[in-house]
Amino acid sequence: MIPAEFSYVAPQSVDEAVAALTDAGEDAKVMAGGQSLMPLLRMRLAAPTTLIDLGRIDELRGVREDGDALVIGSMTTYYDVLRNPLIGKHALLISEATRTVADPQIRHRGTLGGGVAHADPAGDLCAPVLALDATLTVVGPSGRRSIEAAEFFVDYFTTALQPDEILTELRIPKHTDWAARYEKFSRIAQDWSIVAVAATVEIDGGVIRQARVALTNMASVPVRARSVEQALIEQPASEDLIRAAAEHAAEGTEPITDGNADAEFRSHLAKVLTRRAVATAAGV
Ligand SMILES: Cc1cc2nc3c(=O)[nH]c(=O)nc-3n(C[C@H](O)[C@H](O)[C@H](O)COP(=O)(O)OP(=O)(O)OC[C@H]3O[C@@H](n4cnc5c(N)ncnc54)[C@H](O)[C@@H]3O)c2cc1C
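The rules behind each value
Residues numbered from 1 in each chain as written. Predicted model: local features only at pLDDT ≥ 70, side-chain atom pairs only at ≥ 80, totals over all residues. Heavy atoms only, no water. Pairing = 2+ DSSP bridges. Helix = DSSP H or I, 4+ residues; strand = E, 2+ residues; numbered from the N terminus. Axes fitted to C-alpha atoms, helices over the stretch in contact; angles between N-to-C directions. Contact = heavy atoms within 4.5 Å. Near = heavy atom within 4 Å. Polar contact = N/O pair within 3.5 Å; in protein donor to acceptor, adjacent residues only side chain to side chain. Areas by Shrake-Rupley, 256 points an atom, 1.4 Å probe, with all protein chains shown as cover.

Visitor: It is not clear to me how the sheet that holds strand β10 (residues 166-173) should be interpreted in this structure. Could you clarify?
Guide: Backbone-to-backbone hydrogen bonds join strands into a sheet, with any given pair of strands oriented parallel or antiparallel. Pairing is antiparallel across the open sheet formed by five strands, whose spatial order is β4-β5-β10-β6-β7. At either end of the open sheet lies a strand with only one pairing partner, and these are β4 (63-66) and β7 (143-148). Across the sheet, the axes of successive neighbouring strands diverge by a mean angle of 25°, strand direction being ignored. Of the strand pairs in this sheet, strand β6 (residues 135-140) and β7 are connected by six bridges, and their pairing is antiparallel. When the bridges of β7 are listed, V138 appears paired with R145. Against the sheet, helix α1 (residues 14-24) contacts β6 and β10, and its axis sits at roughly 130° relative to β10.

Visitor: Just to check I follow, could you spell out the site of the ligand for this structure?
Guide: Around the ligand, a shell composed of 30 residues is seen, among which V30, Q35, L37, T111 and D124 lie nearest. Within the backbone of L37, a nitrogen or oxygen atom sits 2.7 Å from an oxygen atom of the ligand. In the environment of the ligand, an oxygen atom lies 2.7 Å from a nitrogen or oxygen atom belonging to the side chain of T111. Burial of the ligand by the protein chains amounts to 89% of its free accessible area of 970 Å². Secondary structure elements with two or more residues in the shell around the ligand: β2 (28-31), α7 (112-118) and β10.

Visitor: Explanation requested: the sheet that holds strand β3 (residues 50-53) in the structure shown.
Guide: The strand order across the open sheet formed by three strands is β1-β3-β2, and the pairing between neighbours is parallel. One side of each edge strand has no neighbouring strand; the edge strands of this open sheet are β1 (7-9) and β2. Recorded for the sheet is a direction-independent mean angle of 20° between the axes of neighbouring strands. Bridge count for β2 against β3 is four bridges, and the pairing is parallel. Across the sheet, the residue bridging to A28 is T50, located in β3. Sheet strands touched by α1: β1, β2 and β3. Its angle to β3, the strand with the most contacts, is close to 175°.

So far we have only geometry, and geometry alone does not tell us how the molecule works.
This is the structure:
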């Protein structure tokens, strides 16, 4: 289908983009890589009156260090995330999850910020962002504010972003040299997660000193598996310990039943994938 008619604006700075968004009113939409938005427009599931393309705003791209944090511009593509050595060193979990997103064409256009702002419960970058305790910087007509990842994801496809705000960057506390694994279950290659688990651990002398685990598609928003983390921390990285810890994975989740899997199977997957993700990250 052909999208409904809209005005197109391509600002060159964040300030211009915020002004355009404010001027255009509630029916405007920003576009990042367009990999989720364009299909919605073509199916007429979204019909914004104005489309504000962030693609020409250079300040929204790139990765830099800022003290203990890594700062990733929202318009950094998945392709650039995968090639970035700083992300590989300080936030390996982001690279691991990005590797599983769709196919090379979509990874060349799709952006980290777009994936997070879209807040698809099956999207693969939301759980890693939650696991790493990222802070999201957003800019609107009243200025800049920071939102913790734990507060950012509100419901299905719904975030704490206001309609007149733009996500500009993700600040991720450095998890330098932590091992990581994103374990994803889907029925066909290059598809969204039916369930997935993001795990990153710091191992020292065979002991798991710190652990972060979060689940994709086990509720309307990504969920942190705190009980699993508690069961892992300061314990020897053994197969038996990890298996026992993974049994807690479905606690506090609200998985849906749909055509791909029922809630019971999703809970089972969460445990199996958590065991695999932590064991692979821990190298056991
Ligand atoms: C065939 C196919 C397979 C896919 N498979 C996967 C997969 O396996 N895993 C996965 O995670 N994703 C998958 N995707 C989705 C893909 O990752 C998208 O790129 C991503 O969801 C959105 O990123 P985008 O940059 O394209 O954003 P867009 O499509 O441009 O935008 C998505 C939404 O976010 C909003 N938005 C974007 N950027 C900002 C911003 N900076 N500030 C405020 N709002 C913003 C837009 O207004 C829009 O509502 C797939 C997509 C397709 C078409």
